[in-house]
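Structure assessment
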Amino acid sequence: MRGLMQNHPLLISQFIEHGGTVFGNVEVVSQTVEGPIHRYTWSDVRARSRQLANALTAQGVGLGDRIATIAWTNHRHLEAYYGIAGIGAVCHTINPRLYADDLVYVLNHAEDRFVMLDLTFVPLIEAIAERLESVEGFIIMTDQEHMPSNQLPNTVCYEEFIAARAADYEWPRFDENTAANLCYTSGTTGKPKGVLYSHRSTVLHAYASCMPGNIVGGRGQCMLAVVPMFHANGWGIPYSAPMTGSKLVMPGQKLDGESLTKLMRDEGVTTTCGVPTVWLGLLDYWKEHDTSVPTVKQVGIGGAAPARSMIEEFERDFGIEILHGWGMTEMNPLGTIHTLSASERATLSPDDQLDALTTQGAPVFGVEIKVVDEDGATLPNDGKSCGELMVRGPWVCERYFKDETSAIDDEGWFGTGDIALIGEGMSMQITDRAKDVIKSGGEWISSIDLENAAMGHPDVAHAAVIGVPDEKWSERPLLIVVPAVGTEPTKEDILGCLADKVAKWWLPDDVVFEEELPVSGTGKVQKIKLREKYAPVEVKKAAG
Ligand code: ADP
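What you are looking at is a predicted structure, and each value in this text was computed from that prediction instead of being measured. (Residues numbered from 1 in each chain as written. Predicted model: local features only at pLDDT ≥ 70, side-chain atom pairs only at ≥ 80, totals over all residues. Heavy atoms only, no water.)

Let's talk about the domain arrangement of the chain
Along its sequence, the chain is carved into domain 1 (13-19 + 28-203), domain 2 (342-399 + 409-433) and domain 3 (438-534). Of note, the centres of domain 1 and domain 3, computed from C-alpha atoms alone, are 40 Å apart. (Domains from an automatic or database assignment.)

Considerations on helix α8 (residues 237-244)
The buried fraction of α8 amounts to eight of the eight residues, a majority that puts the element mostly inside the structure. The set of residues buried in α8 consists of I237, P238, Y239, S240, A241, P242, M243 and T244. One or two positions beyond α8, positive phi appears at G245, with a value near 85°. (Buried < 20%, exposed > 50% of the residue type's maximum accessible area, 1.4 Å probe, protein only. Helix = DSSP H or I, 4+ residues; strand = E, 2+ residues; numbered from the N terminus.)

Some remarks on the environment of V372
Structurally, V372 can be placed in strand β17 (residues 368-372). For the pair V372 and A420, spaced 48 residues apart in sequence, the C-alpha to C-alpha distance is 9.3 Å. Not counting chain neighbours up to four residues away, the residues in contact with V372 comprise A377, T378, L379, G387, E388 and M390. (Contact = heavy atoms within 4.5 Å.)

A word on the sheet that holds strand β1 (residues 27-31)
In a beta sheet, neighbouring strands pair by backbone hydrogen bonds and run either parallel or antiparallel. Spatial strand order, β2-β1-β11-β10-β12-β13-β14-β15-β16: nine strands in an open sheet with mixed pairing. Of all the strands in the sheet, just β2 (37-41) and β16 (362-363) have a single pairing partner and so form its edges. Here strand β12 (residues 271-274) pairs with strand β13 (residues 298-301) via four bridges, running parallel. Each bridged residue has a counterpart across the sheet, and for C273 the counterpart in β13 is G300. Relative to β2, helix α2 (residues 42-58) is tilted by about 90°, and along the sheet it contacts β1, β2 and β11 (247-250). (Pairing = 2+ DSSP bridges. Axes fitted to C-alpha atoms, helices over the stretch in contact; angles between N-to-C directions.)

Considerations on the packing of α2 against helix α3 (residues 75-86)
One can describe the packing of α2 onto α3 by two numbers: an axis separation of 8 Å at closest approach and a directional angle of 60°. As summarised for this structure, α2 and α3 are arranged oblique, according to the angle between their axes. The two elements α2 and α3 meet at a crossing, and its hand is right-handed. Contacts from W42, V45, R48, S49, L52, A53 and L56 of α2 reach α3 at H75, R76, L78, E79, A80, Y82, G83 and I84. (Parallel < 35°, antiparallel > 145°, perpendicular 65-115°, else oblique. Left-handed = near helix turned anticlockwise from the far one by under 90°.)

Structural notes on helix α1 (residues 13-22)
Inspection of α1 places S13, F15, I16, G19 and G20 among the buried residues, and these make up the whole buried set. In a view along the axis of α1, the buried residues occupy a sector of 155°, so they form one face of it. (Arc of directions from axis to C-beta.)

Considering the sheet that holds strand β25 (residues 510-513)
Taken in spatial order, the three strands line up as β23-β24-β25 in an open sheet, and their pairing is mixed. Looking along the sheet, the strands with just one partner apiece sit at the ends: β23 (460-470) and β25. Taken over all neighbouring pairs, the strand axes of this sheet differ in orientation by 30° on average, direction set aside. With four bridges joining them, strand β24 (residues 474-483) and β25 adopt parallel strand pairing. Bridging from a neighbouring strand, L479 pairs with V511 of β25. Seen against the sheet, helix α15 (residues 491-499) touches β23, β24 and β25 and runs at an angle of roughly 125° to β25.

Focus on the nonpolar core
If you look at the biggest cluster of nonpolar residues, it comprises 107 residues, and the most contacted ones within it are W279 and F314. When residues of this core are sorted by domain, at least three fall in each of domain 1 (13-19 + 28-203) and domain 2 (342-399 + 409-433). Those residues within four positions of W279 in sequence are excluded, and the remaining contacts are V226, L260, M264, T272, C273, G274, V299, G300, I301, M310 and F314. Counting residues in hydrophobic clusters, the runner-up holds 29 residues, among them L103, V104, L117 and I140. (Core = buried A, V, L, I, M, F, W, Y, C linked by side-chain atoms within 4.5 Å.)

Some details on the pairing of strand β3 (residues 66-70)
The side chains of a regular strand alternate, first on one face of the sheet and then on the other. Within β3, five of the five residues are buried, leaving the element largely enclosed by the surrounding structure. Both faces of β3 are covered, namely the face carrying R66, A68 and I70 and the face carrying I67 and T69. Sheet topology places β3 next to strand β4 (residues 90-93); four bridges connect them, and they run parallel. Looking at the pairing, R66 lines up with V90 of β4. For the crossover from β3 across α3 to β4, the handedness is right-handed. Where β3 lies against strand β5 (residues 114-117), four bridges are found, and the strand directions are parallel. (Right-handed = clockwise from strand over helix to strand, strands pointing away.)

Structure (structure tokens):
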């Protein structure tokens with residue numbers, strides 16, 4: 001027997017209709033590329049998204065057409081999120097830090113019809129425009145006054161493009177499984193792969209992401225979207241903010257400690273999310289200037305493992321609650337989240353609370369997880385059996401764009417490539433990525449645990465561990481350290497500090513010092529580059 005409730009499709013346009021009507025007066029603030037702060041409301045976002053929808057429709061853009069965006073986190077990009085997906089076209093957010101060849105590859109592979117780009121990226125796209133096979137025109141996201149002279153064929157200024165269009169628009173109703181957004185994985189191995197999110201997956205993900213204990217929004221809250229909008233749908237914040245009535249603040253390209261502090265202070269930010277690299281810069285700035293922003297109550301960290309020392313500084317020194325999330329492009333992106341419950345805060349010792357927060361936490365409602373051994377057999381959730389983490393759920397990728405082969409097994413599980421263990425209450429801990437784990441004498445050494453331990457040393461600003469070849473053990477860990485400003489730690493200091501934190505056989509055989517670590521566009525340390533420098537080619541294969 002079927003239920004007798006309405007089969008109303010879950011569509012992205014509903015977020016902006018809800019935000020624009022229920023929370024019409026709540027502010028949306030962004031740092032523009034042109035310089036000034038831009039300020040308007042959810043009602044204005046709705047009006048201008050509808051204008052964009054009308055303008056795109058007039059260009060013949062419709063269901064299933066791909067429109068690329070190469071833009072920072074700002075108000076026009078937000079309008080593109082809604083204007084494009086709202087009409088049933090696909091918003092293809094491109095990471096501007098891709099190499100030129102990969103940029104050309106993703107634009108051609110997606111068969112994008114138009115490219116919407118921020119001023120910053122005009123030279124980047126000019127350099128590859130001749131190689132683009134499907135693009136009919138370029139919409140430069142600025143006003144007439146700032147429109148640059150450029151070499152791109154068929155360009156239009158965004159403000160002109162939408163100016164004459166009506167702010168009335170009836171969003172079409174279509175199947176909720178229709179594609180809404182496209183995001184390519186960063187392609188550290190092989191070509192980038194397209195993850196094609198649906199309206200349904202995006203709406204369900206947004207519901208889950210703002211449940212209590214997750215990324216808190218709501219009336220009176222102010223969310224700072226530090227995670228870029230070109231990275232996995234900005235972790236869903238552009239959707240959960242109008243859904244919950246939060247004020248939304250978008251920092252543009254200014255993610256340094258000073259700019260973020262100013263924006264947080266000026267706008268009264270209460271909650272924010274981003275990758276550890278950005279928080280490292282913020283904490284350094286706060287410590288150096290003996291300052292902080294008391295309105296900030298919650299910081300979400302994800303995309304890479306945060307060091308325990310980072311969690312400790314936020315929680316203990318600044319009284320900020322940490323949300324530690326794990327996810328990936330292939331899942332919209334949230335998978336698990338760790339926040340401490342009131343009872344954990346009351347019963348666990350301060351040290352145990354920090355230890356708990358370094359783990360990635362339990363699946364959010366909607367996501368199932370398990371770990372499997374090398375033969376694919378399910379391992380027990382005993383808090384010690386490590387294996388590949390598998391995920392399943394309505395916002396997990398089934399197949400990559402234009403790839404006929406399934407990305408999941410017969411039971412619907414998607415292999416994440418992360419190595420993890422699962423303990424009590426399905427609480428999960430990532431111990432490594434499959435390609436980063438160090439295999440020494442047949443046993444695994446967790447590069448994440450070693451990095452965490454090294455970053456606990458006060459003179460270590462940043463650390464990475466890679467495996468280097470070893471005749472006897474096959475691989476041994478090498479620790480690469482960026483010293484904190486004004487310090488000169490020695491190898492002996494650092495190894496001495498690690499000695500009581502990790503097993504003896506885990507201790508790195510060597511420590512080398514660098515001024516900085518190579519970091520990818522999504523804020524992850526590019527270990528591939530470190531391996532190129534410190535480990536011969538054979539090791540990449542062995543470790544890969
Ligand atoms: P890519 O695979 O292209 O780097 P993503 O940005 O989707 O793309 O990264 C997902 C990966 O990032 C995860 O598979 C995991 O390895 C890592 N990751 C994400 N969050 C965390 C976390 N909290 N702790 C450790 N690793 C994480």
